[in-house]
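For reference, the chains in residue letters:
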Amino acid sequence: DAGVTQSPTHLIKTRGQQVTLRCSPKSGHDTVSWYQQALGQGPQFIFQYYEEEERQRGNFPDRFSGHQFPNYSSELNVNALLLGDSALYLCASSTLDYTDTQYFGPGTRLTVL
Amino acid sequence: GESVGLHLPTLSVQEGDNSIINCAYSNSASDYFIWYKQESGKGPQFIIDIRSNMDKRQGQRVTVLLNKTVKHLSLQIAATQPGDSAVYFCAENIYGNNRLAFGKGNQVVVIP
C-alpha cells in the first residue's frame, strides 16, 4: 500500500460532460503528479502540482486542469469529455526532489460513452 | 480488475527461473531511471531505481542494469514467483524535471 488514495474508483460519463477526480498524497509528500494511462499503454504525464501551483505540464489540452489544496491533496478536472479521454487516471505523490520515488495511487477508471 | 497488458510484449517464464526484461530509453539527458510493476486493476508499484552514475544496482531478488552507451535498461528478477506476474514499465526522469516518461511495458506471465 503506497498510502496514496484516489476517488472515485470508477466513473462513467457521456461526451461533453465534465469530471473531477481526487487524490490524497502519501503523508510527508507535498508534490502531486497526474498521469493518464490508456489501455495497454504506459502512463502519460499530464501535469504536476507543488505549493498549490501547476509546476509543469505535459502535452495535454487546456480541457485538463487541476488544483492543489493547502493540505497537498489535489483534483484533476476534465471539461468537454471526449471518447478518447477514457483511461485510467493515476495520481503520484512525492517530494520535489526529482530522485525521490513517486508513489502511485490505485487510479480512477474513467469511461466516456 | 481490467487488464493493463493488452497487446504488450509478453515474457512467459517458468516458476523458479530468472526473468530479464529490457527497455530502451529515448533521452540521453535522462539521469534517473525507475522500474515499476503494475498488477491488473492497480497503480504502478515501485520496484527499484538507478542513477546514471551507476551501471548496476541490486535489490531483493531484482537487479537493474544500465547501459548509457546504447540507452538500454534491463530488470532481472531472480527465482521468479507467481506473484511476479504483472506488467513491468521502465520510466526515465530528466534532471530537474521530476516528471516520468514511461516505456511501453512488458507483460510477465509466470507458469507454475
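Above: the structure in question.
What counts, and where the lines are drawn
Residues numbered from 1 in each chain as written. Chains lettered and ligands numbered in written order. Predicted model: local features only at pLDDT ≥ 70, side-chain atom pairs only at ≥ 80, totals over all residues. Heavy atoms only, no water. Helix = DSSP H or I, 4+ residues; strand = E, 2+ residues; numbered from the N terminus. Contact = heavy atoms within 4.5 Å. Buried area = accessible area lost by both parts, 1.4 Å probe. Salt bridge = Lys/Arg side-chain N within 4 Å of Asp/Glu carboxyl O. Nonpolar A, V, L, I, M, F, W, Y, C, P; charged D, E, K, R; others polar. Buried < 20%, exposed > 50% of the residue type's maximum accessible area, 1.4 Å probe, protein only. Pairing = 2+ DSSP bridges. Axes fitted to C-alpha atoms, helices over the stretch in contact; angles between N-to-C directions. Phe/Tyr/Trp six-rings, centres within 6.5 Å; stacked < 30°, edge-to-face > 60°. Lys NZ or Arg CZ within 6 Å of the ring centre and 35° of its normal.

### Observations regarding the environment of Arg51(B)
Here is step 1 of the chain: Note that Arg51(B) resides in strand E4 (residues 45–51).
Here is step 2 of the chain: The contact partners of Arg51(B), leaving out residues within four places of it in the chain, are Thr99(A), Asp31(B), Tyr32(B) and Leu66(B).

### Thoughts on the interface of chain A and chain B
Here is step 1 of the chain: Taken residue by residue, the interface counts 28 residues in chain A and 28 residues in chain B.
Here is step 2 of the chain: Of the roughly 2100 Å² buried between chain A and chain B, counting both surfaces, carbon and sulfur atoms make up 49%.
Here is step 3 of the chain: A per-residue breakdown of the area chain A buries against chain B is headed by Tyr98(A), Thr99(A) and Phe104(A), which together make up 29% of the total.
Here is step 4 of the chain: On the surface where chain A and chain B come into contact, there are zero salt bridges.
Here is step 5 of the chain: Residue assignment for the side of chain A that touches chain B shows that the elements contributing at least two residues are strand E4 (31–37), strand E5 (44–50), strand E6 (53–57) and strand E9 (87–94) of chain A.
Here is step 6 of the chain: Taken together, the residues of the side of chain A that touches chain B break down into ten nonpolar, 14 polar and four charged.

### With respect to unusual backbone geometry
All names here are of chain A.
Here is step 1 of the chain: In this model, serine 7 is joined to proline 8 through a cis peptide bond whose omega is -10 degrees.
Here is step 2 of the chain: Relative to the assigned elements, proline 8 resides in the loop between strand E1 (5–7) and strand E2 (10–13).
Here is step 3 of the chain: Despite not being glycine, glutamate 51 has its phi angle at roughly 50 degrees, a positive value.
Here is step 4 of the chain: Looking at the element boundaries, glutamate 51 is found in the loop between E5 and E6.
Here is step 5 of the chain: You can call glutamate 51 exposed: its relative accessible area is 56%.

### What to know about the sheet that holds strand E8 (residues 74–78) of chain A
Neighbouring strands of a sheet are bound in pairs by backbone hydrogen bonds; such pairs are parallel or else antiparallel.
Residue and element names in this part refer to chain A.
Here is step 1 of the chain: Read across the open sheet, the four strands follow the order E1-E3-E8-E7; overall the sheet is antiparallel. Both outer strands of the open sheet, E1 and strand E7 (64–68), are each paired with one neighbouring strand and no more. Put simply, the sheet's adjacent strands are angled 20 degrees from each other on average, direction ignored.
Here is step 2 of the chain: One ladder, built from five bridges, connects strand E3 (residues 19–24) with E8; its direction is antiparallel. From the neighbouring strand, arginine 22 faces E8, where its bridge partner is glutamate 75.

### Topic: the sheet that holds strand E5 (residues 56–58) of chain B
Residues and elements named next belong to chain B.
Here is step 1 of the chain: Reading across the sheet, the four strands line up as E2-E7-E6-E5 and stay open at both edges, with antiparallel pairing between neighbours. Edge positions in the sheet fall to strand E2 (19–24) and E5, since each has one partner strand and no second. Going across the sheet, the axis of each strand differs from the next one's by a mean of 15 degrees, ignoring polarity.

### Quick look at the packing of aromatic side chains
Remark: the centre distance and the inter-plane angle together describe each pair of aromatic rings, the angle taken between the planes.
Here is step 1 of the chain: Tallied over the entire structure, the rule returns twelve aromatic pairs over all chains.
Here is step 2 of the chain: Centroid distance Tyr35(A) to Phe102(B): 5.9 Å. Interplanar angle 85 degrees. Geometry classified as edge-to-face. Taken as a pair, Tyr35(A) in strand E4 and Phe102(B) in strand E9 (residues 100–102) lie in two separate chains rather than in one.
Here is step 3 of the chain: Classification of Phe102(B) as buried rests on a relative accessible area of 11%.
Here is step 4 of the chain: Aromatic pair Phe60(A) and Phe64(A): ring centres 5.2 Å apart, planes at 65 degrees, arrangement edge-to-face. Each member of the pair, Phe60(A) as well as Phe64(A), carries the same accessibility label: buried.
Here is step 5 of the chain: Site record: aromatic cluster; members linked through ring pairs are Tyr35(A), Phe45(A), Phe104(A), Tyr36(B), Phe46(B), Phe89(B) and Phe102(B).
Here is step 6 of the chain: Positioned above the aromatic ring of Tyr103(A) is the side chain of Lys26(A), whose terminal nitrogen or guanidinium carbon lies 4.8 Å from the ring centre.

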